[in-house]
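# Descriptive structure summary
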Amino acid sequence: MISTFGRHVAPLAILLLGLGAASAQAPSPAKPDPAKGQQIAAGVCAACHAADGNSVIPANPKLNGQHAEYLVKQLVDYTKAPDHKEARVNAIMTGFAAGLSAEDKRNVAAWFAAQPPTPGSATNKDTLALGQRIYRAGIPEKNVPACAGCHAPTGAGIPIQYPRLGGQHAEYTEAQLKAFRDGTRRNNASMTQISARLSDAEMKAVSDFIAGLR
């Protein structure tokens with residue numbers, strides 16, 4: 001005789017086995033293809049970021065050498081509705097990102113990530129010491145942590161978690177800090193909180209210092 005417990009366990013076991021088989025059969029995302037990403041970059045991204053991601057326009061970020069996972073996340077965040085709590089709002093980028101499939105996003109991110117990063121330089125000697133202090137040690141009295149703690153001493157970042165900053169255009173970095181502070185960029189809660197504690201002068205100083213990291 002089958003007990004009441006047995007009558008319940010047997011169907012449950014069959015259900016779990018079925019779910020396991022379905023999971024095993026679910027296709028995993030295709031490995032990113034940088035060659036296809038290069039084609040997308042040349043046709044879609046080059047005008048603003050250059051075909052290899054080495055933007056020469058200070059308002060547009062350098063993408064070469066950036067972590068692929070970070071780039072994919074940004075493209076996804078651009079496609080979220082403006083009222084989404086993690087949306088990244090930029091009308092131009094939203095239009096471009098919306099035209100890319102999930103595979104396209106992975107491919108173009110892989111292409112830019114594979115390109116060697118290019119160095120930049122700090123240009124304001126008067127703010128160099130302040131920028132260095134903020135990046136290396138933070139501002140303890142304002143509860144601002146050291147940037148190096150997440151983005152590494154050289155600005156190389158940590159793959160998946162934190163983006164590369166070293167060599168980035170100072171103008172772009174400063175604009176993003178202000179966007180985090182004023183809420184027009186809200187796809188990173190930690191950066192929103194940190195930026196709220198920085199003055200304009202501090203943002204400018206650390207952004208200029210970051211440009212010279214390598």
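Here is a short report on the structure shown in this document. For clarity, every value in this text was computed on a predicted model and none was experimentally measured.

## Describing the overall build of the chain
Broken down by element type, the chain carries ten helices and zero strands. Seen in sequence order, the chain has helices and strands lined up from the N terminus as α-α-α-α-α-α-α-α-α-α. Among the 214 residues that make up the chain, the fraction classed as buried is 36%. Considering only intrachain contacts with a sequence separation of at least 6, the fraction spanning at least 24 residues in the chain is 66%. Accessible surface for the chain amounts to roughly 12,000 Å². Of this, 63% is attributable to carbon and sulfur atoms.

## Structural notes on the nonpolar core
Y135, L198, V206 and I210 are the most contacted members of the largest nonpolar core, which totals 17 residues. Where this core is concerned, the elements lending two or more residues are helix 6 (128-137), helix 8 (170-182), helix 9 (189-195) and helix 10 (200-211). Sorting elements by how many residues they give to this core places helix 10 first, with four residues. Core analysis: the next-biggest nonpolar cluster, separate from the first, contains 15 residues, C45, M93, A97 and L100 among them.

## Topic: the environment of I194
On the secondary structure map, I194 appears in helix 9. Using a relative accessible area of 18% as the deciding quantity, one classes I194 as buried. Residues I194 and C147 lie 47 residues apart in sequence; the distance between their C-alpha atoms is 9.9 Å. When residues no more than four places from it in sequence are discounted, the contact partners of I194 are V144 and P145.

Thresholds, definitions, all that
- Residues numbered from 1 in each chain as written.
- Predicted model: local features only at pLDDT ≥ 70, side-chain atom pairs only at ≥ 80, totals over all residues.
- Heavy atoms only, no water.
- Helix = DSSP H or I, 4+ residues; strand = E, 2+ residues; numbered from the N terminus.
- Buried < 20%, exposed > 50% of the residue type's maximum accessible area, 1.4 Å probe, protein only.
- Contact = heavy atoms within 4.5 Å.
- Areas by Shrake-Rupley, 256 points an atom, 1.4 Å probe, with all protein chains shown as cover.
- Core = buried A, V, L, I, M, F, W, Y, C linked by side-chain atoms within 4.5 Å.

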